[in-house]
Each structure stands twice: as C-alpha cells, then as structure tokens.
Amino acid sequence: MALFGKKGMGFAYKAKYLGGHSGYPNEMDVNLALQPDYLEIPEFPAMIPYGNITNVASTSQDKIAASRLILGPLFWKKKQMFMVLTYEDDLGLLQNPVFHIEKDKINEVQPSIYQRMMNARMMQQRAQQQPSGNLK
C-alpha cells in the first residue's frame, strides 16, 4: 500500500523483509519510504542514498531459490514476486535485502527506486566530469 508521507517526504510502501541483510537476519514487516535523496527503512533503521544502490530488481521465487536464499514458507506460495535491493552500506559491504511487496505495488516501487538510482548515478558522473578548478 502506498502511503503518502509527511510534508516534504515521498511515498512509503508496506513490505515484508525476508532476509539478505547481514545485520538483520529475522523477517519483519517494514516500510520502504522513498525520500528525495535516499531510501529509508525505519525499522532497520537505514537511510540508503540512491547513489549507493547498485541494483534493484523484481524477481520470482524460482530465481531467488536458485541463488540459494532460504526465505521460509512464503516461498511455497505460487507466483510470488520479490524485490531484491543491492546496495553498499556505510562499511562498504554489499547488502542484498529481499522484500515481498504486493504484486500491484511492486510494479510501482521497483521502477521508482531504479529511476532514482539512475538519476543519482548521472548526477555523480556529472560531478566527476566537472573541472575542479582552473589548472594552468
């Protein structure tokens, strides 16, 4: 369910976190709050700059099972889709949390995160290409 956040905030989506983050081994209900410059998961707590996200993808239970993630009984439901988020945390470690989001909402949240990730990367590239000063 998309929930409109407080003034100045983006949208929040309810999700079930299933595992994949080193610091959070247990399943839990979470909110994925799409802020202007970062993805917030208050329950972890985490504020992930879009520039730190390396991949976000919707995938089926078969593909996740093939990658050997053990995610419990939710896998036995047919035709479930999951969102896998890959990002670099503050320590430089890659995290791969997996979320179950309602089917009609995963089609909103995954492309939204992807677009924000791409925008952040383009801004990072432009900043790197800018001359840092006059060199003579």
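Here the structure is shown first, and the text comes after it.
In this report, we go over the structure that sits alongside the text.

Reading the values: the criteria
Residues numbered from 1 in each chain as written. Predicted model: local features only at pLDDT ≥ 70, side-chain atom pairs only at ≥ 80, totals over all residues. Heavy atoms only, no water. Helix = DSSP H or I, 4+ residues; strand = E, 2+ residues; numbered from the N terminus. Buried < 20%, exposed > 50% of the residue type's maximum accessible area, 1.4 Å probe, protein only. Contact = heavy atoms within 4.5 Å. Areas by Shrake-Rupley, 256 points an atom, 1.4 Å probe, with all protein chains shown as cover. Expected span 1.5 Å × (residues − 1).

Considerations on the overall build of the chain
Tallying secondary structure elements over the chain gives two helices and nine strands in all. In sequence order, the secondary structure elements of the chain are arranged as β-β-β-β-β-β-α-β-β-β-α. Counting over 136 residues, the chain shows a buried share of 37%. Contacts in the chain between residues far apart in sequence, at least 24 positions, make up 47% of those at least 6 positions apart. Total accessible area computed for the chain in this model is approximately 8,900 Å², and 54% of it derives from carbon and sulfur atoms.

Comments concerning helix α2 (residues 103-129)
Helix length check: α2, at 27 residues, gives a terminal C-alpha distance of 40 Å against a target of 39 Å (1.5 Å per residue), a fit within 8%. Taken together, the buried positions of α2 are K105, I106, V109, Q110, I113, M117 and A120.

Notes on unusual backbone geometry
Note: most peptide bonds trans; most residues except glycine with negative phi. Note that the residue after F44, namely P45, is joined by a cis bond; omega there is -10°. Structurally, P45 is set in the loop between β4 (38-41) and β5 (46-49).

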